[in-house]
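Residue strings, one per chain:
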Amino acid sequence: NECFAAAGGIPALIELVKSGKPEVQECASSALALLAKRGSKNQDHIAAASGVLPLVDAVRYGQTPVVRECAASALSCLTLNAKSHLDTANGTKPLADLVCCGTPRAKSCAAMTLGRMLEPGYHRDLPRNNLFEGTLLRTRGLPSSTTTALQKKGPFDYTF
């Protein structure tokens, strides 16, 4: 893992996520998800290489369900690390949309990501109500109260 990052592999994967070819996006977002799952150093490398915004874009505009699933999975892992700054990358709306309209796995990853973003201490620079209050969840027909939208089952296990 560290050798891959040291060799410049993570920025290369991030560029491939931006590709217009769905099969390339699938492979690259899947690889980033696997790397992000393998530890905080990889999460740091992905965040440092500006990988959050391309992954958010893949959730928002991904051409296949697999692209959106893998990007959501990678973002879910990145929320374990406060350095990801997912909260400032406008990632909440595409993730909320994915919860409503994604495949079962994509819904689960998106819900877990949003749930992690609600954990105390995740947001350092933003007021708590900026995440979900107002129109974000109402635009998709979800309740505006996050406590009714997400029910915590375990440490990072959320359901609707």
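Look a little higher up for the structure.
Source: prediction; values computed, not measured.

> Looking at this structure, how should I read helix 6 (residues 65-78)?
Because each turn of an α-helix spans 3.6 residues, side chains separated by three or four positions end up pointing in the same direction. End to end, helix 6 covers 20 Å across 14 residues, agreeing with the expected 20 Å (1.5 Å per residue, within 8%). Among the 14 residues that make up helix 6, 11 are buried, leaving the element largely enclosed by the rest of the structure. Every buried residue belonging to helix 6 is among Val67, Glu69, Cys70, Ala71, Ala72, Ser73, Ala74, Leu75, Ser76, Cys77 and Leu78, and all of these are buried. Among the structural elements, helix 3 (22-37), helix 4 (40-48), helix 5 (52-61), helix 7 (92-101) and helix 8 (104-117) are those in contact with the buried residues of helix 6.

> Even after reading the chapter, I still don't get the pattern of salt bridges, so can you show me in this structure?
For side chains bearing opposite charge, pairing can occur when the charged atoms are close. This model, assessed by the stated rule, comprises four salt bridges. Between Arg60 and Asp57 there is a salt bridge, with the nearest N and O atoms lying 3.3 Å from each other. Taken as a pair, Arg60 and Asp57 lie in helix 5 at a separation of three residues, close to a single helical turn. By relative accessible area, which is 35% here, Asp57 ends up partly exposed.

> Would you explain unusual backbone geometry in this entry?
Even without a glycine there, the phi angle at Ser50 is positive, about 60°. Position of Ser50 among the secondary structure elements: in the loop between helix 4 and helix 5. Relative accessible area serves as the criterion here: at 53%, Ser50 is assigned to the exposed category.

> Honestly, the environment of Leu55 in this entry has me stumped. Any pointers?
One can find Leu55 in helix 5. In this structure the C-alpha to C-alpha distance between Leu55 and Arg68, which are 13 residues apart in sequence, comes to 8.6 Å. The contact partners of Leu55, leaving out residues within four places of it in the chain, are Ser29, Leu32, Ile46, Ala71, Ala74, Leu75 and Leu78.

> How do you make sense of helix 8 when you look at a structure like this?
Under the 1.5 Å per step criterion, the end-to-end length of helix 8 is 20 Å for 14 residues, consistent within 8% with the ideal 20 Å. Within the span of helix 8, buried status applies to Ala106, Cys109, Ala110, Ala111, Thr113, Leu114, Gly115, Arg116 and Met117.

> Help me understand the environment of Ala33 in this model?
The topology assignment puts Ala33 in helix 3. It is 8.3 Å that separates the C-alpha atoms of Ala33 and Ala72, two residues lying 39 residues apart in sequence. With residues near it in sequence (within four places) discarded, Ala33 still touches Cys70, Ser73, Ala74 and Cys77.

> What's the story with the packing of helix 7 against helix 8 in this structure? I'm lost.
The contact between helix 7 and helix 8 brings their axes to 8 Å, and the two run at 140°. If you check the angle between helix 7 and helix 8, you find them oblique. The two elements helix 7 and helix 8 cross, and the hand of that crossing is left-handed. Across from Thr92, Leu95, Ala96, Leu98, Val99, Cys100 and Cys101 in helix 7, the residues of helix 8 making contact are Ala106, Lys107, Ala110, Ala111, Thr113, Leu114 and Met117. When its residues are assigned to classes, the contact of helix 7 with helix 8 shows 11 nonpolar, two polar and one charged.

Conventions and cut-offs
Residues numbered from 1 in each chain as written. Predicted model: local features only at pLDDT ≥ 70, side-chain atom pairs only at ≥ 80, totals over all residues. Heavy atoms only, no water. Helix = DSSP H or I, 4+ residues; strand = E, 2+ residues; numbered from the N terminus. Expected span 1.5 Å × (residues − 1). Buried < 20%, exposed > 50% of the residue type's maximum accessible area, 1.4 Å probe, protein only. Contact = heavy atoms within 4.5 Å. Salt bridge = Lys/Arg side-chain N within 4 Å of Asp/Glu carboxyl O. Axes fitted to C-alpha atoms, helices over the stretch in contact; angles between N-to-C directions. Parallel < 35°, antiparallel > 145°, perpendicular 65-115°, else oblique. Left-handed = near helix turned anticlockwise from the far one by under 90°. Nonpolar A, V, L, I, M, F, W, Y, C, P; charged D, E, K, R; others polar.

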